Amino acid sequence: PSAVGLLKDMQFDRDASVRVQVSEALWRLGDTDAREELVAATFSHYVDDQAIAFMALAEPRDPEVLPHIHPGLTSQYDQIALIAARAAGMLGSDAGYPLAVAGAASSDPAQRTLSAFALGAIGRTDAQPILSKLLHDSNPDVRLAGATAILELRQGH
């Protein structure tokens with residue numbers, strides 16, 4: 001909380017990614033204006049800003065932001081849809097479960113990794129067979145994400 005003044009000064013940085021990350025920090029500290037900045041960033045033309053914004057919105061675990069997460073599930077970018085699925089899962093919604101299941105079968109290891117994280121956040125135990133398969137993936141990042149997701153299931157988030 002003692003950094004709020006410094007963070008507020010940084011909201012006007014020239015770099016858009018800095019502004020998004022400042023909004024994330026302020027939202028975690030309860031600043032609702034920063035939440036609105038993150039909602040706006042979910043519509044950014046830059047995929048990285050969208051990714052940060054969806055995860056940042058979900059991190060405080062405030063279910064009121066769920067309506068702002070759901071549009072990401074239909075993103076034209078698979079990685080954003082999977083990140084939105086993870087964010088929705090963090091807020092108690094399994095709306096992204098079909099996306100995560102489909103992503104786990106992707107030929108792209110980045111999508112399989114994001115799918116594992118989404119499945120872990122969603123927390124459905126019927127994802128165990130899918131995650132078990134990811135534990136034996138040829139890509140070490142996918143294996144690690146699968147193991148992390150299984151631990152999330154076991155801990156109940």
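Placed above this text is the structure.
The residue numbering used here restarts from 1 in each chain and proceeds along that chain's sequence as written. At least 70 in pLDDT is required for a residue's local features to be given in this predicted model, at least 80 for side-chain atom pairs to be given and counted, and no such filter applies to totals for whole chains, interfaces and linings, which use all residues. Side-chain descriptors were evaluated using all non-hydrogen atoms of the structure, hydrogens and water having been removed beforehand.

Caption draft 1: Expanded view of the overall build of the protein chain. Numbering goes from the N terminus for both helices and strands, where a helix is a DSSP run of H or I of at least four residues and a strand is a run of E of at least two. When helices and strands are counted, the protein chain shows ten helices and zero strands. For the protein chain, the sequential pattern of α-helices and β-strands runs α-α-α-α-α-α-α-α-α-α. Here the protein chain has a C-alpha radius of gyration of 16 Å; the compact-globule value for 157 residues is 15 Å, and the two agree. Overall, the protein chain is about 45 × 30 × 25 Å in size when its C-alpha atoms are taken along their principal axes. In this setup the radius of gyration rests on C-alpha atoms only. A globule is expected at 2.2 Å times the number of residues raised to 0.38.

Caption draft 2: Seen up close, the packing of helix H7 (residues 97–104) against helix H8 (residues 109–122). Orientation of H7 relative to H8, taken along the N-to-C sense of each, is 145°, at an axis distance of 8 Å. Note that H7 runs across H8; the crossing there is left-handed. Where H7 approaches H8, its residues Tyr-97, Leu-99, Ala-100, Val-101, Gly-103 and Ala-104 are matched on the opposing element by Gln-111, Arg-112, Ser-115, Ala-118, Leu-119 and Ile-122. Basically, the charged four are Asp, Glu, Lys and Arg, the nonpolar ten are Ala, Val, Leu, Ile, Met, Phe, Trp, Tyr, Cys and Pro, and anything else, Gly included, counts as polar. Class assignment of the residues belonging to the contact of H7 with H8 gives a composition of eight nonpolar, three polar and one charged. A fitted line through C-alpha atoms serves as each axis, taken over the contacting stretch for helices, and the angle formed by two N-to-C directions is quoted from 0 to 180°. Left-handed describes a crossing whose near helix is turned anticlockwise from the far helix through less than a right angle; right-handed describes the clockwise counterpart. In what follows, residue pairs with any heavy atoms lying within 4.5 Å of each other are defined as contacts.

Caption draft 3: Region of interest: the pattern of salt bridges. Just to be clear on terms, a salt bridge is a Lys or Arg side-chain nitrogen sitting within 4 Å of an Asp or Glu carboxyl oxygen. Across all of its chains, the model carries eight salt bridges by this definition. With a shortest N-O distance of 3.0 Å, Arg-35 and Glu-36 are connected by a salt bridge. Only protein chains enter the accessibility calculation, which uses a 1.4 Å probe; a residue is then buried when its area is under 20% of its type maximum, exposed when over 50%, and partly exposed in between. The exposure class of Glu-36 is partly exposed, given its relative accessible area of 38%. A salt bridge links Arg-61 to Glu-59, with the shortest nitrogen-to-oxygen separation between them at 3.2 Å. Each of Glu-24, Arg-28, Glu-59 and Arg-61 takes part in a single network of salt bridges with overlapping partners.

Caption draft 4: Inspection of the packing of helix H3 (residues 32–41) against helix H4 (residues 47–58) at higher detail. With their axes 8 Å apart at the nearest point, H3 and H4 run at an angle of 140° to one another. Viewed along their axes, H3 and H4 adopt a mutual orientation that is oblique. As H3 runs across H4, the sense of the crossing is left-handed. In contact with Arg-35, Leu-38, Val-39 and Ala-41 of H3, H4 contributes Asp-49, Gln-50, Ala-53, Ala-56 and Leu-57. Here the residues of the contact of H3 with H4 are counted per class, giving six nonpolar, one polar and two charged. Each angle is binned into one of four classes, with values under 35 degrees roughly parallel, values over 145 roughly antiparallel, values of 65 to 115 roughly perpendicular, and all other values oblique.

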